[in-house]
Amino acid sequence: MPPPSPPQPVAEPATAAAIFIVGTLADDAATHAQVRAWCGDLAALVRAVGHRAPQDHLSCVAGFGAEAWDRLFGAPRPRELHPFIEYGPPERRAVATPGDVLLHLRADRMDLCFELATHLVAALGPGFTAVDEVHGFRNFDMRSMIGFVDGTENPQGQEAVAATVIGAEDPDFAGGSYVIVQKYLHDMQGWNALPVEVQERIIGRTKLSDIELDDATKPSWAHNALTVIEDENGEEIDIVRGNMPFGRPGMGEFGTYFIGYARSPRPIEQMLENMFVGKPAGNYDRLLDFSTAVTGGLFFVPSQDLLQALSERDPQSEPAPPTADGYTGSLCIGSLKGQTHHE
Ligand code: HEM
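These figures come from a predicted structure and were not determined experimentally.

## Structural notes on the coordination of the iron atom of the ligand
The sole protein-derived ligand of the iron atom of the ligand is H223 (NE2), positioned 2.0 Å away. Relative to the assigned elements, H223 resides in helix α7 (residues 223–226).

## Things to note about the UniProt feature "domain: Dyp-type peroxidase C-terminal" (unreviewed entry) in the protein chain
Residues annotated by UniProt as "domain: Dyp-type peroxidase C-terminal" (unreviewed entry) correspond here to residues 142–305. Secondary structure across residues 142–305 comprises 24% helix and 21% strand; the distance between its end C-alpha atoms is 33 Å.

## Some remarks on the layout of surface pockets
Of the volumes computed, that of the largest pocket is approximately 840 Å³. What lines the largest pocket is a set of 37 residues, and nearest its centre among them are D150, H223, N224, T227 and R241. Broken down by secondary-structure element, the contributors of at least two residues to the lining of the largest pocket are β5 (177–186), α7, β8 (253–262) and α8 (265–276). Sort the elements by how many residues they give to the lining of the largest pocket and α8 lands first, with 4 residues. Of the residues belonging to the lining of the largest pocket, the class tally is 16 nonpolar, 12 polar and 9 charged. In terms of lining, the second largest pocket is formed by 31 residues, of which the most central are A14, M142, G151, N154 and R241. Of all the secondary structure elements, the ones that give two or more residues to the lining of the second largest pocket are α4 (157–164), β6 (240–241), β7 (244–248) and β8.

## Focus: the confidence of the model for the protein chain
Detailed reading of predicted coordinates is not advised where the pLDDT is low. Averaged over all residues, the pLDDT of the protein chain is 92; the fraction at 70 or higher stands at 91%. Predicted confidence is poor over residues 318–343, with pLDDT under 50, and the contacts of this stretch with residues over four places away or in other chains come to 43 contacts. Reported confidence for the predicted complex is 0.99 by ipTM and 0.92 by pTM.

## Some points on the site of the ligand
Around the ligand, 25 residues are found, and the nearest of them are G151, T152, E153, H223 and R241. In the model, an oxygen atom of the ligand is placed 3.3 Å from a nitrogen or oxygen of the D150 side chain. Applying the majority rule of atoms within 2 Å of the grid points places the ligand in the largest pocket. Those elements giving two or more residues to the shell around the ligand turn out to be β5, α7, β8 and α8. Considering each element in turn, the shell around the ligand owes the most residues, 4 residues, to α8.

Rules used in this analysis
- Residues numbered from 1 in each chain as written.
- Predicted model: local features only at pLDDT ≥ 70, side-chain atom pairs only at ≥ 80, totals over all residues.
- Heavy atoms only, no water.
- Donors = N, O, S within 2.8 Å, 3.2 Å for Na, K, Ca; no water.
- Helix = DSSP H or I, 4+ residues; strand = E, 2+ residues; numbered from the N terminus.
- UniProt positions renumbered as here; feature names shortened; annotations may be inferred.
- 1 Å grid on protein atoms, 1.4 Å probe; cavity = no way out; pocket = protein on both sides within 12 Å on 5 of 7 lines; lining within 4 Å.
- Points joined across faces, edges and corners; volume = space filled by probe spheres on them.
- Nonpolar A, V, L, I, M, F, W, Y, C, P; charged D, E, K, R; others polar.
- pLDDT = per-residue confidence, 0-100.
- Contact = heavy atoms within 4.5 Å.
- Near = heavy atom within 4 Å.
- Polar contact = N/O pair within 3.5 Å; in protein donor to acceptor, adjacent residues only side chain to side chain.
- Sits in = over half its atoms within 2 Å of the grid points.

Structural data, given as C-alpha cells:
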C-alpha cells in the first residue's frame, strides 16, 4: 500500500490573517493549460514566500468548483463534487454565486498572505478573474464580528484530520477535502440593539465567558443547536471552520467570512439547511435576521499529490465516460504517484 497522500493544509489552527479569493476561469484551452500548470507550481510558490518567515505559518489551500473540475481535469470527478446548493426562502437565502477556483491563504502576518496572493493570481494568468476577495483579521479573544468567541468547538489535531480528509470512501480522491464558503454581511446596529441575553440565546453560548448554555436555557433555534448534527449512530459529525471577521467600519461594512472544511459536503449542507430553512422548517437560525449571505460556493480540495498529478493531466486524451449517477473511471494517477516527494 502506498502511503496516504498528504492533504493540503485544511485543518490548520487559526492564524492572525487570511485572504480568501474566489475567481472564475475563461473557458479556453490556453487558460485550462495554464491553470493545470499552476497546480504544479503552487507548492513552490508557497515555499518561496513562506520560507523567509517560518514562524508566521504561511499556508495556502486551493479548491476547484464542479464545473471548473470538468473543464480542467475531466473525469473522474470527486464523488460528491457538485455546484453549491441554495437553501432557504427568498428573504433568508443561502445564495450560490459563481466560482471556479478558491484560494484560502493564511498566515500570522497579512503581508505574507498579500505577497503570496500576488504571485498566485499572476501565475493563474489572464484567464482568471477574481469575483470576490476578502481580507480577514483575527479579532481579539478570537471573537467573531458579532462579538462572540468563534471556533471554540472546532475539532483539533487528529480529530480535525478525521473530520476533513477523505479516506477509503473515495479512493481516487483520498487525502482531499470539500470546502464551503459564504461571505456574510451583518446588520450590526440591529444586532447591537439586542440585549446580550437575547444574543446569547441566538448563539447558544455566553458572550463574555464563551460557556455553552445548558439545555434548559438553549432554544431549539440556537446557532449551536442547529449546527450540531449527528450520524445514524448518534455520533456528532464534525467540520473544521476557519471563519474570519472582515470589514470597513468607515463604509459601514461588517462581515464574517464563513469557511467550512469536511470530508463530505453533506454535513455542511445539513447545517445550512437547518440554519436557513429551519429544523423543523421555520425554526431557523435567528443569526440570519442580522446576517445576509452574499456569496456561496462549494469546492473540492485535492490532496497534495493529486494537485501535482493534475498539473500533468490532459482531459482531451482521457475521454470522459459520464454515467447516470456521475462519473466513473480511473484517475490514472497510478503512474504519477511515483513522482510524489514522500515516496
Ligand atoms: C454569520 C456567520 C456565522 C457566525 C458569525 C458564526 C459564529 C459562531 C459562533 C460564535 C459559534 C460558537 C463558538 C464555536 O464553537 O465556534 C459557532 C459555532 C458553530 N458554527 Fe457558526 N457562525 C456562522 C455561520 C456558520 C455556518 C454557515 C455554519 C455551517 C454551515 C456554522 C457552523 C457552526 C458549527 C458546527 C459550530 C459549532 C457548534 C458546536 O459544536 O457547539 N456556522 N458559530
